[in-house]
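These are the residues of each chain, in order.
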Amino acid sequence: CGCGMLVFILSCIIALLSAAVIGLAAGTGIESQRANDATSKISALRTPTASSTTKPGGASETPLPPGLIDDGCADNPESVSGSKYTSFSLFGGLTFQRFCNMDTPYQPLLSLFTADFQACMDSCASYTKYSPTFFGNNVNTTCAAVSFVPAWSSKLNASSAGSPGNCYLKPGPQNESALVVPSIDVACHAAVLMNAS
Ligand SMILES: *[C@@H]1O[C@H](CO)[C@@H](O)[C@H](O)[C@H]1NC(C)=O
Ligand SMILES: *[C@@H]1O[C@H](CO)[C@@H](O)[C@H](O)[C@H]1NC(C)=O
Ligand SMILES: *[C@@H]1O[C@H](CO)[C@@H](O)[C@H](O)[C@H]1NC(C)=O
(Lines give C-alpha, C1' and ligand atoms only; values in the text may rest on other atoms or scores of the structure.)
(Ligands and ions follow the chains in the order given, each with its own letter.)
Protein backbone atom coordinates (compact mmCIF):
# COMPACT_ATOMS: atom_id res chain seq x y z
CA CYS A 1 0.00 0.00 0.00
CA GLY A 2 1.28 3.53 -1.04
CA CYS A 3 0.13 5.37 2.14
CA GLY A 4 1.74 2.78 4.40
CA MET A 5 5.08 3.38 2.69
CA LEU A 6 4.71 7.22 2.96
CA VAL A 7 3.99 6.97 6.71
CA PHE A 8 6.99 4.67 7.11
CA ILE A 9 9.32 7.10 5.27
CA LEU A 10 8.05 10.11 7.26
CA SER A 11 8.53 8.18 10.52
CA CYS A 12 12.09 7.38 9.50
CA ILE A 13 12.82 11.08 8.77
CA ILE A 14 11.34 12.16 12.13
CA ALA A 15 13.40 9.52 13.95
CA LEU A 16 16.63 10.70 12.26
CA LEU A 17 15.92 14.37 13.05
CA SER A 18 15.19 13.54 16.71
CA ALA A 19 18.46 11.64 17.00
CA ALA A 20 20.37 14.60 15.50
CA VAL A 21 18.79 17.09 17.93
CA ILE A 22 19.54 14.89 20.97
CA GLY A 23 23.14 14.40 19.81
CA LEU A 24 23.65 18.12 19.28
CA ALA A 25 22.25 18.96 22.73
CA ALA A 26 24.51 16.38 24.41
CA GLY A 27 27.55 17.64 22.49
CA THR A 28 27.08 21.31 23.31
CA GLY A 29 26.28 20.44 26.93
CA ILE A 30 29.64 18.68 27.27
CA GLU A 31 31.49 21.58 25.63
CA SER A 32 29.98 24.21 27.91
CA GLN A 33 30.73 21.99 30.92
CA ARG A 34 34.36 21.81 29.76
CA ALA A 35 34.51 25.60 29.39
CA ASN A 36 33.12 26.01 32.92
CA ASP A 37 35.71 23.56 34.31
CA ALA A 38 38.55 25.42 32.56
CA THR A 39 37.35 28.78 33.89
CA SER A 40 37.15 27.52 37.47
CA LYS A 41 40.58 25.89 37.19
CA ILE A 42 42.09 29.18 36.02
CA SER A 43 40.53 31.13 38.87
CA ALA A 44 41.69 28.45 41.34
CA LEU A 45 45.24 28.96 40.05
CA ARG A 46 45.01 32.73 40.27
CA THR A 47 43.50 33.08 43.73
CA PRO A 48 46.43 31.85 45.86
CA THR A 49 49.12 33.85 44.01
CA ALA A 50 47.23 37.08 44.59
CA SER A 51 46.98 36.61 48.36
CA SER A 52 49.96 34.51 49.49
CA THR A 53 53.23 36.11 50.53
CA THR A 54 55.00 33.03 51.89
CA LYS A 55 56.35 30.53 49.40
CA PRO A 56 57.47 26.95 50.00
CA GLY A 57 61.12 26.24 50.64
CA GLY A 58 61.76 28.99 53.16
CA ALA A 59 63.13 31.47 50.62
CA SER A 60 62.40 34.98 51.85
CA GLU A 61 61.05 37.02 49.00
CA THR A 62 59.57 40.39 48.37
CA PRO A 63 55.98 39.77 47.20
CA LEU A 64 55.71 40.70 43.55
CA PRO A 65 52.75 41.76 41.43
CA PRO A 66 51.92 39.07 38.87
CA GLY A 67 54.03 39.06 35.73
CA LEU A 68 56.86 41.07 37.22
CA ILE A 69 60.09 39.25 36.48
CA ASP A 70 62.68 41.88 37.39
CA ASP A 71 61.80 42.23 41.12
CA GLY A 72 60.60 45.78 40.42
CA CYS A 73 63.82 47.10 38.85
CA ALA A 74 61.94 48.70 35.95
CA ASP A 75 59.25 50.30 38.12
CA ASN A 76 61.19 51.30 41.21
CA PRO A 77 64.95 50.80 40.81
CA GLU A 78 65.91 52.98 43.80
CA SER A 79 63.99 50.85 46.28
CA VAL A 80 65.25 47.56 44.81
CA SER A 81 68.94 48.47 44.46
CA GLY A 82 70.84 47.39 47.57
CA SER A 83 68.00 45.16 48.78
CA LYS A 84 68.69 41.55 49.67
CA TYR A 85 67.28 38.27 48.38
CA THR A 86 67.81 34.95 50.14
CA SER A 87 67.90 32.15 47.59
CA PHE A 88 66.07 28.82 47.80
CA SER A 89 66.85 27.08 51.09
CA LEU A 90 67.83 23.71 49.55
CA PHE A 91 70.56 25.51 47.60
CA GLY A 92 72.03 26.81 50.85
CA GLY A 93 69.85 29.90 51.35
CA LEU A 94 72.62 32.18 50.05
CA THR A 95 71.96 35.92 50.28
CA PHE A 96 72.33 38.19 47.26
CA GLN A 97 72.26 41.95 47.02
CA ARG A 98 70.48 43.36 43.96
CA PHE A 99 71.57 46.34 41.85
CA CYS A 100 69.19 47.48 39.13
CA ASN A 101 70.57 48.72 35.80
CA MET A 102 74.05 47.37 36.51
CA ASP A 103 76.10 44.57 34.95
CA THR A 104 78.69 42.22 36.47
CA PRO A 105 82.24 41.80 35.09
CA TYR A 106 83.87 38.66 33.64
CA GLN A 107 82.82 35.99 31.15
CA PRO A 108 79.90 33.84 32.34
CA LEU A 109 80.39 30.43 33.95
CA LEU A 110 77.01 29.46 32.54
CA SER A 111 74.22 31.18 30.66
CA LEU A 112 70.64 30.02 30.93
CA PHE A 113 66.98 30.97 30.67
CA THR A 114 65.25 31.44 34.02
CA ALA A 115 61.68 32.45 34.76
CA ASP A 116 62.67 35.60 36.62
CA PHE A 117 65.46 37.48 38.44
CA GLN A 118 64.97 35.47 41.64
CA ALA A 119 65.20 32.14 39.81
CA CYS A 120 68.43 33.42 38.25
CA MET A 121 69.90 33.98 41.74
CA ASP A 122 68.59 30.53 42.78
CA SER A 123 70.42 29.06 39.77
CA CYS A 124 73.64 30.76 40.88
CA ALA A 125 73.26 29.20 44.34
CA SER A 126 72.52 25.80 42.77
CA TYR A 127 75.64 26.00 40.59
CA THR A 128 77.77 26.67 43.66
CA LYS A 129 76.11 23.85 45.58
CA TYR A 130 76.63 21.14 42.94
CA SER A 131 79.62 22.07 40.73
CA PRO A 132 82.39 21.58 43.35
CA THR A 133 81.18 17.99 43.94
CA PHE A 134 82.00 17.09 40.36
CA PHE A 135 84.73 19.54 39.35
CA GLY A 136 86.52 20.47 42.58
CA ASN A 137 86.30 23.67 44.55
CA ASN A 138 87.76 26.64 42.65
CA VAL A 139 86.88 30.02 41.19
CA ASN A 140 85.17 28.37 38.19
CA THR A 141 82.88 26.19 40.29
CA THR A 142 81.68 29.08 42.46
CA CYS A 143 79.02 31.48 41.22
CA ALA A 144 79.54 34.86 42.87
CA ALA A 145 77.09 37.06 40.95
CA VAL A 146 74.49 37.13 38.19
CA SER A 147 73.45 39.44 35.41
CA PHE A 148 69.77 39.22 34.42
CA VAL A 149 68.29 40.66 31.22
CA PRO A 150 64.46 40.58 31.35
CA ALA A 151 63.95 41.36 27.64
CA TRP A 152 65.84 38.20 26.69
CA SER A 153 63.27 36.08 28.53
CA SER A 154 61.71 36.03 25.09
CA LYS A 155 63.79 33.49 23.17
CA LEU A 156 62.93 35.37 20.00
CA ASN A 157 64.50 38.52 21.50
CA ALA A 158 67.48 36.56 22.85
CA SER A 159 68.09 34.90 19.54
CA SER A 160 67.91 38.12 17.52
CA ALA A 161 70.32 39.73 20.00
CA GLY A 162 72.66 36.70 19.70
CA SER A 163 72.30 36.10 23.46
CA PRO A 164 72.30 32.55 24.83
CA GLY A 165 69.97 33.21 27.79
CA ASN A 166 68.51 35.87 30.08
CA CYS A 167 70.56 34.83 33.15
CA TYR A 168 74.38 34.82 33.34
CA LEU A 169 76.23 33.20 36.22
CA LYS A 170 79.56 34.91 36.95
CA PRO A 171 82.74 33.88 38.78
CA GLY A 172 84.28 35.94 41.60
CA PRO A 173 85.63 38.09 42.95
CA GLN A 174 82.53 40.26 42.77
CA ASN A 175 81.42 43.25 44.79
CA GLU A 176 79.35 46.39 44.38
CA SER A 177 82.26 48.60 43.31
CA ALA A 178 83.23 46.17 40.52
CA LEU A 179 79.80 46.47 38.84
CA VAL A 180 79.69 48.22 35.48
CA VAL A 181 77.05 50.21 33.62
CA PRO A 182 75.43 47.84 31.08
CA SER A 183 76.56 48.36 27.50
CA ILE A 184 73.50 46.76 25.87
CA ASP A 185 70.40 48.54 24.59
CA VAL A 186 68.00 46.71 26.95
CA ALA A 187 67.79 46.70 30.75
CA CYS A 188 70.26 44.53 32.68
CA HIS A 189 70.24 43.97 36.44
CA ALA A 190 72.97 42.58 38.69
CA ALA A 191 72.98 40.62 41.93
CA VAL A 192 76.09 39.93 43.97
CA LEU A 193 76.49 37.11 46.48
CA MET A 194 77.10 38.72 49.86
CA ASN A 195 80.41 38.05 51.66
CA ALA A 196 81.78 36.52 48.46
CA SER A 197 84.45 38.99 47.37
C1 LIG B 1 88.80 29.05 35.16
O2 LIG B 1 88.41 29.22 33.80
C3 LIG B 1 89.24 30.10 33.06
C4 LIG B 1 88.62 30.28 31.68
O5 LIG B 1 88.41 29.06 31.07
C6 LIG B 1 90.66 29.50 32.99
O7 LIG B 1 91.51 30.37 32.30
C8 LIG B 1 91.17 29.29 34.41
O9 LIG B 1 92.43 28.65 34.38
C10 LIG B 1 90.20 28.47 35.23
N11 LIG B 1 90.65 28.42 36.61
C12 LIG B 1 90.68 27.29 37.29
C13 LIG B 1 91.16 27.39 38.70
O14 LIG B 1 90.31 26.22 36.84
C1 LIG C 1 61.38 41.77 23.49
O2 LIG C 1 62.05 42.98 23.14
C3 LIG C 1 61.19 44.10 22.97
C4 LIG C 1 62.05 45.27 22.51
O5 LIG C 1 63.12 45.49 23.39
C6 LIG C 1 60.48 44.41 24.29
O7 LIG C 1 59.60 45.47 24.14
C8 LIG C 1 59.72 43.17 24.75
O9 LIG C 1 59.15 43.40 26.01
C10 LIG C 1 60.68 41.98 24.82
N11 LIG C 1 59.95 40.78 25.19
C12 LIG C 1 60.00 40.29 26.44
C13 LIG C 1 59.20 39.06 26.67
O14 LIG C 1 60.64 40.80 27.33
C1 LIG D 1 85.92 43.92 44.04
O2 LIG D 1 85.91 43.22 42.81
C3 LIG D 1 87.00 43.57 41.96
C4 LIG D 1 86.77 42.91 40.61
O5 LIG D 1 86.66 41.55 40.71
C6 LIG D 1 88.30 43.15 42.62
O7 LIG D 1 89.39 43.52 41.78
C8 LIG D 1 88.42 43.84 43.96
O9 LIG D 1 89.57 43.34 44.63
C10 LIG D 1 87.21 43.59 44.82
N11 LIG D 1 87.25 44.41 46.01
C12 LIG D 1 87.12 43.88 47.22
C13 LIG D 1 87.17 44.86 48.37
O14 LIG D 1 86.96 42.69 47.42
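A.B. asks: Is there a simple way to think about the pattern of salt bridges in this case?
C.D. replies: Per the stated rule, a full pass over the model turns up one salt bridge. Two residues, D71 and R98, come together in a salt bridge whose shortest N-O distance is 2.4 Å. Placement of D71 in the loop between α1 (2-51) and α2 (77-80) and of R98 in strand β2 (residues 95-99) is noted, with a sequence separation of 27 residues between them. Of the residues examined, R98 reaches a relative accessible area of 2% and is grouped as buried.

A.B. asks: Would you take a moment to explain the side chain of D71 for this structure?
C.D. replies: The buried category is assigned to D71, whose relative accessible area is 7%. Among the polar contacts listed, one links the side chain of D71 to the side chain of R98, at a separation of 2.4 Å. A distance of 3.4 Å separates polar atoms of two side chains, one belonging to D71 and the other to Q118.

A.B. asks: Any chance you could explain a nonpolar patch on the surface here in plain terms?
C.D. replies: Together, M5, L6, F8, I9, L10, I13 and L17 line one region of the surface with nonpolar side chains, adding up to about 710 Å² of accessible area. Among the structural elements, I9 can be located in helix α1. Taking relative accessible area as the criterion, I9 reaches 41% and is therefore assigned partly exposed.

A.B. asks: So what exactly am I meant to see when it comes to the nonpolar core here?
C.D. replies: One broad rule of soluble globular proteins: the nonpolar side chains tend to lie buried together. Residues F96, F117, M121, C143, V146 and L169 are the most contacted members of the largest nonpolar core, which totals 19 residues. Secondary structure elements with two or more residues in this core: α3 (117-135), β4 (145-148), β5 (167-170) and β6 (189-193). Excluding residues within four positions of it along the chain, V146 makes contact with T104, F117, C120, M121, C124, Y168, L169, H189, A190 and A191.

A.B. asks: I keep staring at unusual backbone geometry and nothing clicks. Help me out?
C.D. replies: Where the residue is not glycine, phi is negative for most of them; where a peptide bond is considered, it is trans in most cases. A cis amide bond links G172 with the next residue in sequence, P173, at an omega value of 0°. Structurally, P173 can be placed in the loop between β5 and β6. Phi at N101 takes a positive value of approximately 55°, unusual for a residue other than glycine. Position of N101 among the secondary structure elements: in the loop between β2 and β3 (110-112). Of note in the backbone geometry, Y106 takes a positive phi value of approximately 80° without being a glycine. On the accessibility criterion, Y106 (45% relative accessible area) is partly exposed.

A.B. asks: Can you walk me through the sheet that holds strand β1 (residues 84-86) in this structure?
C.D. replies: To summarise the sheet geometry, strands pair through backbone hydrogen bonds and adopt either a parallel or an antiparallel arrangement. Taking strand neighbours across the sheet as the criterion, the six strands line up as β1-β2-β6-β4-β5-β3 in an open arrangement whose pairing is antiparallel. Every interior strand has two partners, whereas the edge strands, β1 and β3, have only one. Neighbour-to-neighbour, the strand axes of this sheet turn through a mean angle of 25°, independent of strand direction. Both β4 and β5 contribute to a ladder of four bridges, which runs antiparallel. Across the sheet, residue S147 finds its bridge partner in β5, namely Y168. On the sheet, α3 packs against β1, β2, β3, β4, β5 and β6 and is oriented at approximately 150° with respect to β4.

A.B. asks: I keep staring at α3 and nothing clicks. Help me out?
C.D. replies: Helical geometry note: an α-helix holds 3.6 residues per turn, so side chains three or four residues apart project in the same direction. Between its first and last C-alpha atoms α3 spans 26 Å; for 19 residues at 1.5 Å apiece the expected length is 27 Å, and the two agree. Along its length, α3 shows its largest kink, about 25°, at K129, and proline P132 lies within four residues downstream of that point. The elements touched by buried residues of α3 are β1, β2, β3, β4, β5 and β6. Taking the backbone nitrogen of Q118 as reference, a side-chain oxygen 3.3 Å away marks D116 as the first, capping residue of α3. Positive phi shows up at G136, right after α3, with a value of about 80°.

Scoring rules and cut-offs
- Residues numbered from 1 in each chain as written.
- Chains lettered and ligands numbered in written order.
- Predicted model: local features only at pLDDT ≥ 70, side-chain atom pairs only at ≥ 80, totals over all residues.
- Heavy atoms only, no water.
- Salt bridge = Lys/Arg side-chain N within 4 Å of Asp/Glu carboxyl O.
- Helix = DSSP H or I, 4+ residues; strand = E, 2+ residues; numbered from the N terminus.
- Buried < 20%, exposed > 50% of the residue type's maximum accessible area, 1.4 Å probe, protein only.
- Polar contact = N/O pair within 3.5 Å; in protein donor to acceptor, adjacent residues only side chain to side chain.
- Patch = residues over 30% accessible without salt bridge, like charges linked within 9 Å, V, L, I, M, F, W, Y side chains within 5 Å.
- Areas by Shrake-Rupley, 256 points an atom, 1.4 Å probe, with all protein chains shown as cover.
- Core = buried A, V, L, I, M, F, W, Y, C linked by side-chain atoms within 4.5 Å.
- Contact = heavy atoms within 4.5 Å.
- Pairing = 2+ DSSP bridges.
- Axes fitted to C-alpha atoms, helices over the stretch in contact; angles between N-to-C directions.
- Expected span 1.5 Å × (residues − 1).
- Bend = angle between axes of the 7 residues up to and from the residue.

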